[in-house]
Amino acid sequence: MTDSTTLVCPHCDALNRVPTARLGDGPRCGQCHQPMFQGRPVALTEERFRRHLAHSGIPLLVDFWASWCGPCHAMAPQFEAAAQVLEPRMRLAKVSTEEAQRLAMELGIRSIPLLAVFAGGREVARQAGAMPAQQIVRWAQGVV
């Protein structure tokens, strides 16, 4: 039997089983046929975040941010650059705390930008403050 991983499509949110050894081979969604990884973070609503959290077989690195936050805007290109390095070992996502206020309260997010790593449906680490891409990559790799 082949070892496989469940991925949630960043475009249509369909669940896909992908052989773990083939994660780096440019897998495409079986439903919408879009690439599963594009080297950039996926924007998630609260509902989509919960789906990715519940079903993703790879860690989820989330940047919690807000449109009014200067450091969030400064870190955005750094987070995007980190996605190019960290995918497909983990899914990078952005969640607006303005649009997902209930989720931000539930997770106890009190300062932004805030990076949080989720694995197996649970938060395993968090780090507040803007960071350059290399530091994001080092931190995320050290967590998982």
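Here the residue numbers are simple positions, counted from 1 along each chain's written sequence. Totals for whole chains, interfaces and linings use every residue, but because this is a predicted model, local features are given only for residues with pLDDT of at least 70 and side-chain atom pairs only at 80 or more, for both listing and counting. Water and hydrogen atoms were dropped before computing side-chain values, which therefore reflect all heavy atoms in the structure.

Visitor: Would you mind going over the side chain of Arg91 with me for this structure?
Guide: Numbering of helices and strands runs from the N terminus, with a helix taken as a DSSP run of H or I at least four residues long and a strand as a DSSP run of E at least two residues long. Structurally, Arg91 is set in strand S5 (residues 91–96). Residue exposure (1.4 Å probe, protein chains only): buried if accessible area is under 20% of the type maximum, exposed if over 50%, otherwise partly exposed. Under this rule, positive means Lys or Arg and negative means Asp or Glu; His and the chain ends count for nothing. Counted as salt bridges are all cases of a side-chain nitrogen of Lys or Arg within 4 Å of a carboxyl oxygen of Asp or Glu. Despite its burial, Arg91 pairs with no opposite charge; the closest candidate is Glu87, at 4.1 Å N-O. A distance of 2.7 Å separates a polar side-chain atom of Arg91 from the backbone oxygen of Met36. N or O atoms closer than or at 3.5 Å make up a polar contact, with two conditions inside protein: a donor-capable atom paired with an acceptor-capable one, and, for residues adjacent in sequence, both atoms drawn from side chains.

Visitor: How should the state of the cysteines be read in this particular structure?
Guide: Throughout this description, disulfide means a covalent bond between two cysteine sulfur atoms. Note on terminology: disulfide denotes any pair of cysteine sulfur atoms within 2.5 Å. Taken as a whole and judged by the stated rule, the model has one disulfide. Between the sulfur of Cys69 and that of Cys72 lies a disulfide, 2.5 Å long from S to S. The sign of the 80° torsion about the S-S bond sets the Cys69-Cys72 disulfide as right-handed. Since its relative accessible area comes to 2%, Cys72 is described here as buried. This cysteine, Cys12, is not joined by any disulfide, and Cys29 carries the nearest cysteine sulfur, 3.6 Å off. On the basis of relative accessibility, which here comes to 28%, the residue Cys12 falls in the partly exposed class. Free of any disulfide, Cys32 has its nearest neighbouring cysteine sulfur in Cys9, separated by 3.6 Å. The exposure class assigned to Cys32 is partly exposed, which follows from its relative accessible area of 25%.

Visitor: Would you take a moment to explain the side chain of Asp63 for this structure?
Guide: With respect to the element layout, Asp63 can be found in strand S4 (residues 60–65). Residue Asp63 is classed as buried on the basis of its relative accessible area of 0%. With near-sequence residues (within four places) excluded, Asp63 lies in contact with Met75, Phe79, Ala93, Lys94, Val95, Pro113, Leu114 and Leu115. Residue contacts follow a heavy-atom distance rule, with two residues in contact if any of their heavy atoms lie within 4.5 Å.

Visitor: Mind showing me how you'd approach the sheet that holds S4 here?
Guide: The pairing of strands in a sheet comes from backbone hydrogen bonds and takes either a parallel or an antiparallel form. Strands qualify as paired when DSSP identifies two bridges or more between them. Strand order in this open sheet of five strands is S3-S5-S4-S6-S7, and the pairing throughout is mixed. The open sheet terminates on both sides in strands that have one partner only, identified here as strand S3 (42–43) and strand S7 (122–128). Sheet topology note: the S4/S5 ladder contains six bridges and is parallel. Looking across to S5, one finds that Trp65 is bridged to Ser96.

Visitor: Can you help me understand the environment of Val18 in this one?
Guide: Residue placement: Val18 occurs in strand S2 (residues 15–19). A C-alpha to C-alpha distance of 7.2 Å links Val18 and Leu7, two positions 11 residues apart in sequence. In contact with Val18, other than residues within four places in its own chain, are Asp3, Ser4, Thr5, Leu7, Leu23 and Pro27.

Visitor: Just checking my understanding: could you explain the pattern of salt bridges for this structure?
Guide: Under the counting rule described, the total for this entry stands at seven salt bridges. A salt bridge links Arg50 to Glu46; the nearest nitrogen and oxygen atoms lie 2.9 Å apart. Within this pair, Arg50 and its partner Glu46 are both found in helix H1 (residues 46–55), separated by four residues, close to a single helical turn. Overall, the relative accessible area of 30% leaves Arg50 in the partly exposed class. Among the salt bridges present, the one from Glu106 reaches Arg50, with a minimum N-O distance of 2.7 Å.

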